[in-house]
Amino acid sequence: MNKAIFDEVAVLWAEHLGAPWPDDLYWADDRDGDVAEIDGAMAGCVSDYVKSRGAVDEERCSLLQECARDLRRMLPRLRGEAAMYVRRLIRMAELIDHDGRSASQV
């Protein structure tokens, strides 16, 4: 576990937990997925990462990357709070993926 990465994820996660669900996301669902389902799946993975102090298994890391890929496809259609909400999810997935890959190379 990289402490700097973990700390950034922990801060982003705290922000995310305090953020209201953006109204615009109610209408963002399309062929790229259901945003509420993606958010829920990612929340479980990020929560586990934070609770375990930076431990992440390959399955959760893979799920995070799949979800982030779907959100990246939606992102160009989002504005304001919805875009910020989704960017934060994507950033956490990127950080956890980087941390997981770094740990597996040790």
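Please read these numbers as outputs of a predicted model, since none were measured by experiment. (Residues numbered from 1 in each chain as written. Predicted model: local features only at pLDDT ≥ 70, side-chain atom pairs only at ≥ 80, totals over all residues. Heavy atoms only, no water.)

Let us now look at the packing of aromatic side chains. Taken as a whole and assessed by the stated rule, the structure comprises two aromatic pairs. Look at phenylalanine 6 and tyrosine 49: their rings are 5.7 Å apart centre to centre, the planes differ by 40 degrees, and that puts the pair in the tilted class. Of this pair, phenylalanine 6 sits in helix H1 (residues 3–18) while tyrosine 49 sits in helix H2 (residues 35–51), and the two are 43 residues apart along the sequence. Its relative accessible area of 0% is what places tyrosine 49 among the buried residues. Taken together, a centroid distance of 5.4 Å and an interplanar angle of 75 degrees make the contact between tryptophan 21 and tyrosine 85 edge-to-face. You can see tryptophan 21 sitting in the loop between H1 and H2 and its partner tyrosine 85 sitting in helix H4 (residues 80–104), a full 64 residues away along the chain. Relative accessible area serves as the criterion here: at 5%, tyrosine 85 is assigned to the buried category. (Phe/Tyr/Trp six-rings, centres within 6.5 Å; stacked < 30°, edge-to-face > 60°. Helix = DSSP H or I, 4+ residues; strand = E, 2+ residues; numbered from the N terminus. Buried < 20%, exposed > 50% of the residue type's maximum accessible area, 1.4 Å probe, protein only.)

Turning our eyes to something else, we now look at the state of the cysteines. Think of a disulfide as a covalent bridge from one cysteine sulfur atom to another cysteine sulfur atom. Per the counting criterion, the structure on display carries zero disulfides. Left without a disulfide partner, cysteine 45 is nearest to the cysteine sulfur of cysteine 67, which lies 6.8 Å away. On the basis of relative accessibility, which here comes to 5%, the residue cysteine 45 falls in the buried class. (Disulfide = S-S within 2.5 Å.)

In terms of nonpolar packing, the biggest core is built from 31 residues, with Val9, Leu25, Met42, Val46, Leu71 and Leu78 touching the most fellow members. The biggest single contributor to this core is H4, with 10 residues. Beyond its immediate chain neighbours, meaning those up to four positions away, leucine 78 contacts Leu25, Ala28, Ala83 and Val86. (Core = buried A, V, L, I, M, F, W, Y, C linked by side-chain atoms within 4.5 Å. Contact = heavy atoms within 4.5 Å.)

With that settled, the discussion passes to the side chain of aspartate 39. By secondary structure assignment, the location of aspartate 39 is in helix H2. For the buried aspartate 39, no salt bridge exists, and the shortest N-O distance to an oppositely charged side chain is 7.9 Å, to arginine 88. When neighbours within four sequence positions are excluded, aspartate 39 is seen to be in contact with His16, Trp21, Tyr85 and Leu89. (Lys, Arg positive; Asp, Glu negative; His and termini not counted. Salt bridge = Lys/Arg side-chain N within 4 Å of Asp/Glu carboxyl O.)

Moving on, we come to the environment of arginine 53. Relative to the helices and strands, arginine 53 is located in the loop between H2 and helix H3 (58–74). For arginine 53, a relative accessible area of 55% translates into the label exposed. Spatially, the C-alpha atoms of arginine 53 and phenylalanine 6 are 7.4 Å apart, while their sequence positions differ by 47 residues. Contacts of arginine 53, omitting those with residues within four sequence positions, involve Met1 and Phe6.

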